[in-house]
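Results of the structural survey
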Amino acid sequence: MDNEIQLISDGDGLAVIGHPTAVERFIVSEGLPSTDLGLPRLGSVLSAGAAAAQTGSEIAAHSGRWVQLTKESAQTVHKFGLMPTKTPGVSHAMVGDPGSIQKWLQISKVHGANPALLSGAAGIMAQLAMQQSMKEITDYLATIDEKVDDVLRAQKDAVLARMIGVGFVIEESMTIREQRGRVDEVTWSKVQGAPATIAETQAYALRQLDALAEKLERKTTIGDLARAAREAESKGQEWLVVLARCFQLQDAIAVLELDRVLDASPSELDGHRLGLRAARQNRLELISRCTERLLARMDAAAGRANAKVLLNPMDSPAVVKASNHVSTAIVEFHGRLGIEGDRQSSEARRWTDAAMEVRDKALETGADGVGAARRLGDETLGRAKWATGKLSSRFAERALRRRGNDEEREEQD
């Protein structure tokens, strides 16, 4: 019916499928930013089975929009009560607009959604989510002062040179995909060896970041620590660029893979989609652990520098400054890749602040000493007065005894 739509979610995005007018009305009424789902591409998925003709005509009459799920949009969608389906990781609901109430409400249906439709929609949604991530990384790389190509070409390592070449091939394949709407055997053959090269480059970049962290940990003097921190500041950004580019190319490969599976083996689409999702999460966790180690070393270096700022008024602030620059770069990098985290920057202690703190402690210690001396003086004076009183009493007693003895002698005489 024209006033009914299907909602399909894979946890990262939402597909809204139905009559074009109903889909548009739902998107506008809920205030959800969306992009075209590319529903016609599901024809190959839905071409098998007894109900193929009916399903194909249904898809031809429908349109679809994709909504990236954020905290805000997820809350909006939650009210429609999507229910889990037999398709792994996918939930579904039918909603309708009664007209008189002017609100979209969940509709109870005896029959469930077409399994092939759910599987195909989930595959396309996974592609759209990764393409959105690729765009985020492109925007991130554009914010860096030096162009990513300049940074990569400046590296002399052969492993990076191979990755740059693979990047050209992947971008070419993505262009062909956009033009043809599918990934054929010829296009796929061009990029089959790309994942190994990208993984090698990613591992190399992670080792370089680990090396920077280890240098910071080994330094004992503030001067050496300052030099290591400045190296981490200059080199760390470059290796983050390499990691971002690797992640972007890995997402592009995954998009091509899903298209190839969708075209060649649609029955395997669910398993491949879930496998790619797990592999992607593993990459994120690996990158997160490495960059978090560098963050921890930079924080520790800043703490050591702040503690020695009085004796190192030039090097200590330099360490803290470098630490904050590296940490800011990593936090932004995490945000673009979808790695959650929170960090507060370290504040460099000014030499004068440290000197005033030392002075205040000295004055506090001095005040305590004066107070103690005063207390000791008062106690000593009290004891002296007590002793003087005792002596005076004794002298008085002796004087009285002498006087009494003298008076007795006079009477006897």
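Please read all numbers here as calculations on a predicted model, not as lab measurements.

This part is about the pairing of strand S2 (residues 13-18). Consecutive side chains along a regular strand alternate between the two faces of the sheet. Burial analysis of S2 places 6 of its 6 residues in the buried class, the great majority of the element. Both faces of S2 are covered, namely the face carrying Gly13, Ala15 and Ile17 and the face carrying Leu14, Val16 and Gly18. Sheet topology note: the strand S1 (residues 4-9)/S2 ladder contains 5 bridges and is antiparallel. Opposite Leu7, over in S2, you have Val16 as the bridge partner. Hairpin connection of S1 to S2: 3 residues between the antiparallel strands, including Gly11 at a positive phi of 95°. Bridge count between S2 and strand S4 (residues 63-68): 6 bridges; the pairing is antiparallel. In the sheet register, Gly18 faces S4, and the bridge partner there is Ser63.

In this model helix H6 (residues 158-180) runs 34 Å from its N-terminal to its C-terminal C-alpha over 23 residues, within 8% of the 33 Å that 1.5 Å per residue would give. Note on H6: the residue one or two positions beyond its end, Gly181, has a positive phi of about 80°.

Throughout the structure, instances matching the rule amount to 4 aromatic pairs. When the centroid spacing of 5.5 Å and the interplanar angle of 55° are considered together, the rings of Phe26 and Phe80 count as tilted. Note that Phe26 is positioned in helix H1 (residues 20-30) and Phe80 in the loop between helix H3 (71-78) and strand S5 (83-84), a separation of 54 residues in sequence. Take Phe26: its relative accessible area is 0%, and that puts it in the buried class. Using a relative accessible area of 3% as the deciding quantity, one classes Phe80 as buried. When the ring of Phe26 is compared with that of Trp104, the centres are 5.5 Å apart and the planes differ by 85°; the resulting orientation is edge-to-face. In this pair, Phe26 is assigned in helix H1 and Trp104 in the loop between strand S6 (91-96) and strand S7 (105-106), connecting sequence segments 78 residues apart. Trp104 matches Phe26 in its accessibility class, with the two residues each being buried. In this structure an aromatic cluster arises from ring pairing among Phe26, Phe80 and Trp104. In this structure, Arg283 packs its charged tip against the face of Phe247, placed 5.3 Å from the ring centre.

So, on to the packing of helix H4 (residues 115-142) against helix H9 (residues 222-264). Two elements in contact, H4 and H9, have axes whose closest approach is 9 Å; the angle formed by their N-to-C orientations is 155°. The orientation of H4 with respect to H9, classified from their angle, is roughly antiparallel. Classified by chirality, the crossing of H9 by H4 is left-handed. Seen from H4, the contacting residues are Gly123, Ala126, Gln127, Met130, Gln131, Ser133, Met134, Ile137, Thr138, Tyr140 and Leu141; seen from H9, they are Gln237, Leu240, Val241, Ala244, Phe247, Gln248, Asp251, Ala252, Ala254, Val255, Leu258 and Asp259. Across the contact of H4 with H9, the residue classes break down as 14 nonpolar, 7 polar and 2 charged.

Parameters and conventions
Residues numbered from 1 in each chain as written. Predicted model: local features only at pLDDT ≥ 70, side-chain atom pairs only at ≥ 80, totals over all residues. Heavy atoms only, no water. Buried < 20%, exposed > 50% of the residue type's maximum accessible area, 1.4 Å probe, protein only. Helix = DSSP H or I, 4+ residues; strand = E, 2+ residues; numbered from the N terminus. Pairing = 2+ DSSP bridges. Expected span 1.5 Å × (residues − 1). Phe/Tyr/Trp six-rings, centres within 6.5 Å; stacked < 30°, edge-to-face > 60°. Lys NZ or Arg CZ within 6 Å of the ring centre and 35° of its normal. Axes fitted to C-alpha atoms, helices over the stretch in contact; angles between N-to-C directions. Parallel < 35°, antiparallel > 145°, perpendicular 65-115°, else oblique. Left-handed = near helix turned anticlockwise from the far one by under 90°. Contact = heavy atoms within 4.5 Å. Nonpolar A, V, L, I, M, F, W, Y, C, P; charged D, E, K, R; others polar.

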